[in-house]
Amino acid sequence: MTALADAAQLAPASNDNVLTTAELRARGVSEGTIARRCRPGGPWRRLLPGIVLLDACEPTRRQLVRALARYVGREGVVTGGDALGAHGLTLPRTPAVHVLVPKGRRMLSPTFALVERTTRPPEPVVVDGIPFAPPTRAALDAARRERDPGRLRDLLALPIYYGLTTATELRYELDAGSQRGSAAVRAELRAIDRDRDTYTRAWAREVLRDGPLPPPRWDVAVHDRRGRYIGTVDAWWDEVGLGWQFHPGDKPHLGHLALAAAGVTVVRTDPDRLTTDRRGVLTELAKAFRTAADRRRPAVQCLATAAA
């Protein structure tokens, strides 16, 4: 039997050809056979004590991650860039695979791994049989060790942009966890808050992209028929007089009430919901659009708009 056929028979594809010696023995492979096949020049190789790769080639990153997860056992959680990758976000990864273990766990750190002991192990998200840290924790575990400003910003901004976490959740987790390396992270989160409008507009467009509503106008100042300013909405459907606000202003209640008094239907959305509850937001907008369409259009006009 060839090495390739042998590996296919012993390990399903979901295991990435990585098995423990106990699993191999359970499949009828003796200790002597395992030792012989893992010798230099043999068809297999040992990645870690008790962990075997059923291939002689250099292991892939995924195989290293799976091997480390099997090595540390059920108490371990893979975090950092590899966890973000498992959640669908591709970012440059550190040479070492970052794994969290409980504070009292004693073990040697493999050469390709960064083993961090923690008193706050996260509830893992299991992807393809590997336990990964949730996106918020994974981003912060990586960010606290990142020294390159550009990569630090990507580690925090991109998970927010793609809806894996929010700035509020990142700050909460940062406050609750280790303060090592937190100063640069806090500074970057403040910078992200200052640039929040860029993200929020992109999120809003994503919400509407596959929905039933026609394209709106963006950043509209609503006036009455005499040209007197009433209020501003972030998105505007002129045909029915529907406004959407997702940027909280200094006096959001006053602006909302003035528009409502003029007969404008206004939907107000917390910016975080644009990433955490897109379906719910779109449902609210569609319902409000139908409600506005059933009413007489308010006697208002928009004098200043940005291109949609």
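First, a word on what this report is: a plain description of the structure on this page. (Residues numbered from 1 in each chain as written. Predicted model: local features only at pLDDT ≥ 70, side-chain atom pairs only at ≥ 80, totals over all residues. Heavy atoms only, no water.)

### Some details on the overall build of the chain
Link 1 in the chain: What the chain contains, in helices and strands, is 13 helices and 13 strands.
Link 2 in the chain: The principal-axis extents of the C-alpha atoms in the chain amount to approximately 90 × 45 × 30 Å.
Link 3 in the chain: Burial statistics for the chain: of 308 residues in total, 46% are counted as buried.
Link 4 in the chain: For the chain, restricting intrachain contacts to residue pairs at least 6 apart in sequence, the fraction spanning at least 24 positions comes to 57%.
Link 5 in the chain: Here the chain has roughly 16,000 Å² of accessible surface; of this, 52% comes from carbon and sulfur atoms. (Helix = DSSP H or I, 4+ residues; strand = E, 2+ residues; numbered from the N terminus. Buried < 20%, exposed > 50% of the residue type's maximum accessible area, 1.4 Å probe, protein only. Contact = heavy atoms within 4.5 Å. Areas by Shrake-Rupley, 256 points an atom, 1.4 Å probe, with all protein chains shown as cover.)

### Side note on the packing of aromatic side chains
Link 1 in the chain: This structure, assessed with the given rule, holds three aromatic pairs.
Link 2 in the chain: Ring geometry for Trp244 versus Phe246: centroids 4.8 Å apart, planes at 75 degrees, classification edge-to-face. Note on accessibility: Trp244 and Phe246 belong to one class, buried.
Link 3 in the chain: The ring of Trp44 is capped by Arg37, whose NZ or CZ atom sits 4.8 Å from the centre of that ring. (Phe/Tyr/Trp six-rings, centres within 6.5 Å; stacked < 30°, edge-to-face > 60°. Lys NZ or Arg CZ within 6 Å of the ring centre and 35° of its normal.)

### Describing the packing of helix 6 (residues 135-143) against helix 8 (residues 167-176)
Link 1 in the chain: The contact between helix 6 and helix 8 brings their axes to 10 Å, and the two run at 65 degrees. Considering how the two elements wind past one another, helix 6 and helix 8 form a crossing that is right-handed. Within the contact between the two elements, helix 6 uses Thr136, Arg137, Ala139 and Leu140 and helix 8 uses Glu169, Leu170, Glu173 and Leu174.
Link 2 in the chain: Taken together, the residues of the contact of helix 6 with helix 8 break down into four nonpolar, one polar and three charged. (Axes fitted to C-alpha atoms, helices over the stretch in contact; angles between N-to-C directions. Left-handed = near helix turned anticlockwise from the far one by under 90°. Nonpolar A, V, L, I, M, F, W, Y, C, P; charged D, E, K, R; others polar.)

### Regarding helix 4 (residues 61-72)
Link 1 in the chain: In this model helix 4 runs 17 Å from its N-terminal to its C-terminal C-alpha over 12 residues, within 8% of the 16 Å that 1.5 Å per residue would give.
Link 2 in the chain: Those residues of helix 4 that fall on the buried side of the exposure criterion are Gln63, Leu64, Val65, Arg66, Ala67, Leu68, Ala69 and Val72.
Link 3 in the chain: In the stretch just after helix 4, Gly73 is the one whose phi turns positive, near 85 degrees. (Expected span 1.5 Å × (residues − 1).)

### Re the packing of helix 8 against helix 9 (residues 182-194)
Link 1 in the chain: One way to put it is that helix 8 packs onto helix 9 with a least axis distance of 11 Å and a crossing angle of 160 degrees. For the element pair helix 8 / helix 9, the angle class is roughly antiparallel. In this structure, helix 8 meets helix 9 at a crossing whose hand is left-handed. Packed against helix 8, whose contacting residues are Ala167, Leu170, Arg171, Leu174 and Asp175, the element helix 9 presents Ser182, Val185, Arg186, Leu189 and Asp193 at the interface.
Link 2 in the chain: In the contact of helix 8 with helix 9, the residues fall into five nonpolar, one polar and four charged. (Parallel < 35°, antiparallel > 145°, perpendicular 65-115°, else oblique.)

### Observations concerning the sheet that holds strand 1 (residues 18-20)
Link 1 in the chain: Reading across the sheet, the three strands line up as 1-3-2 and stay open at both edges, with antiparallel pairing between neighbours. Looking at strand neighbours, the two that pair on one side only are strand 1 and strand 2 (45-48), the edges of this open sheet. Neighbour-to-neighbour, the strand axes of this sheet turn through a mean angle of 40 degrees, independent of strand direction.
Link 2 in the chain: Summarising the sheet, strand 2 and strand 3 (residues 51-53) pair through three bridges and their orientation is antiparallel. The partner of Leu48 across the bridge, within strand 3, is Ile51. (Pairing = 2+ DSSP bridges.)

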